[in-house]
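Residue-level listing of the chains:
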Amino acid sequence: LDGVPMEIDNLEMINVNDVAQVDVLKNASNLAIFGSRGANGVIVVFTKDGKTTGPPKKQFNVRIATPLGFQKPVEFYAPKYDTPKAKASATPDLRTTIHWQPNVETDSEGKASFDFYTADSETTYTVVIEGLTFDGKIIYQKGKVNKRTR
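From a predicted model like this one, the values you see are computed outputs, not experimental measurements.

Criteria and thresholds
- Residues numbered from 1 in each chain as written.
- Predicted model: local features only at pLDDT ≥ 70, side-chain atom pairs only at ≥ 80, totals over all residues.
- Heavy atoms only, no water.
- Helix = DSSP H or I, 4+ residues; strand = E, 2+ residues; numbered from the N terminus.
- Buried < 20%, exposed > 50% of the residue type's maximum accessible area, 1.4 Å probe, protein only.
- Contact = heavy atoms within 4.5 Å.
- Areas by Shrake-Rupley, 256 points an atom, 1.4 Å probe, with all protein chains shown as cover.
- Patch = residues over 30% accessible without salt bridge, like charges linked within 9 Å, V, L, I, M, F, W, Y side chains within 5 Å.
- Salt bridge = Lys/Arg side-chain N within 4 Å of Asp/Glu carboxyl O.
- 1 Å grid on protein atoms, 1.4 Å probe; cavity = no way out; pocket = protein on both sides within 12 Å on 5 of 7 lines; lining within 4 Å.
- Points joined across faces, edges and corners; volume = space filled by probe spheres on them.
- Nonpolar A, V, L, I, M, F, W, Y, C, P; charged D, E, K, R; others polar.
- Phe/Tyr/Trp six-rings, centres within 6.5 Å; stacked < 30°, edge-to-face > 60°.
- Polar contact = N/O pair within 3.5 Å; in protein donor to acceptor, adjacent residues only side chain to side chain.
- Pairing = 2+ DSSP bridges.

Enquirer: So what exactly am I meant to see when it comes to the overall build of the chain here?
Expert: Of regular secondary structure, the chain possesses 2 helices and 4 strands. Counting from the amino terminus, the chain carries its helices and strands in the arrangement β-α-β-α-β-β. For the chain, the proportion of its 150 residues judged to be buried stands at 9%. If you take every contact in the chain between residues at least 6 apart in sequence, the share linking residues at least 24 apart comes to 39%. Accessible area for the chain stands at about 14000 Å²; split by element, carbon and sulfur atoms hold 54% of it.

Laid out in structure tokens, this is it:
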């Protein structure tokens, strides 16, 4: 680090924003000055000198993410068409998000099902199913369902 030998385990103490250059030396002719310590190669880290001018350069390979953490699912509103009066309502159902269900569990055969009411217009719905299995495998499936008026 800046010409001072250190163990590789101590590199995590260095703030990545303070690093100006990293060189990996593997060629025997470059390693001679390190003696036996350089036998398997050397990683040379140079830090900035503190005299930078202007704003820092934009890093295209870095993305800052702020996870929300655990969120308790809220109940999604879905209309109930359980009576003849509700089914015959003159008010059109023009929802754009038709159904959201945060917890769908499969049976012993790995199958699951759910029911929902569609909106009134003839359209094609995009269905997205995503989640995790108990052993941490990611589930993602996207498909289309056509809805036609009667």
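Okay, back to it.
Enquirer: Looking at this model, I keep getting lost on a nonpolar patch on the surface. Mind explaining?
Expert: Taken together, Val104, Phe114, Phe116, Ile129 and Ile139 make up a surface patch of nonpolar side chains, about 390 Å² in accessible area. Checked against the element boundaries, Phe116 lands in the loop between helix H2 (84-87) and strand E3 (123-132).

Enquirer: Mind showing me how you'd approach the layout of surface pockets here?
Expert: One way to see where empty space is left: roll a probe the size of a water molecule over the atoms. Counted as a void, the largest pocket has a volume near 1200 Å³. In terms of lining residues, the largest pocket is bounded by 25 residues, among which Gln101, Val104, Val128, Ile129 and Glu130 are the most central. The dominant element in the lining of the largest pocket, judged by the number of residues it contributes, is E3, at 8 residues. Taken together, the residues of the lining of the largest pocket sort by class into 14 nonpolar, 9 polar and 2 charged. Of the voids in this model, the second largest pocket is the one considered here, and its volume is about 480 Å³. Grouping the constituent residues of the lining of the second largest pocket by class yields 11 nonpolar, 2 polar and 2 charged.

Enquirer: Looking at this structure, how should I read the packing of aromatic side chains?
Expert: The geometry of two aromatic rings is summed up by the distance between their centres and the angle between their planes. Evaluated as defined, the whole model comprises 2 aromatic pairs. Measuring from ring centre to ring centre gives 4.9 Å for Tyr81 and Tyr117, while their planes differ by 80°; the resulting arrangement is edge-to-face. Within this pair, whereas Tyr81 is found in the loop between strand E2 (42-47) and H2, its partner Tyr117 is found in the loop between H2 and E3, the two being separated by 36 residues in sequence. Residue classification places Tyr117 among the partly exposed positions, given a relative accessible area of 42%.

Enquirer: Looking at this structure, I do not really get the side chain of Asp93. What am I missing?
Expert: Inspection of the secondary structure puts Asp93 in the loop between H2 and E3. Classification of Asp93 as buried rests on a relative accessible area of 6%. Reaching out from Asp93, the side chain makes a polar contact with the side chain of Arg95 at a distance of 2.8 Å.

Enquirer: I'm lost on the pairing of E3 in this one. Help?
Expert: For a regular strand, the rule is simple: side chains alternate between the two faces of the sheet. Where E3 lies against strand E4 (residues 138-147), 10 bridges are found, and the strand directions are antiparallel. Following the sheet pairing, Thr124 is matched in E4 by Asn146. From the end of E3 to the start of E4, which pair antiparallel, there are 5 residues, and Gly136 there has a positive phi angle of about 90°.

Distances and angles like these do not, on their own, reveal function.
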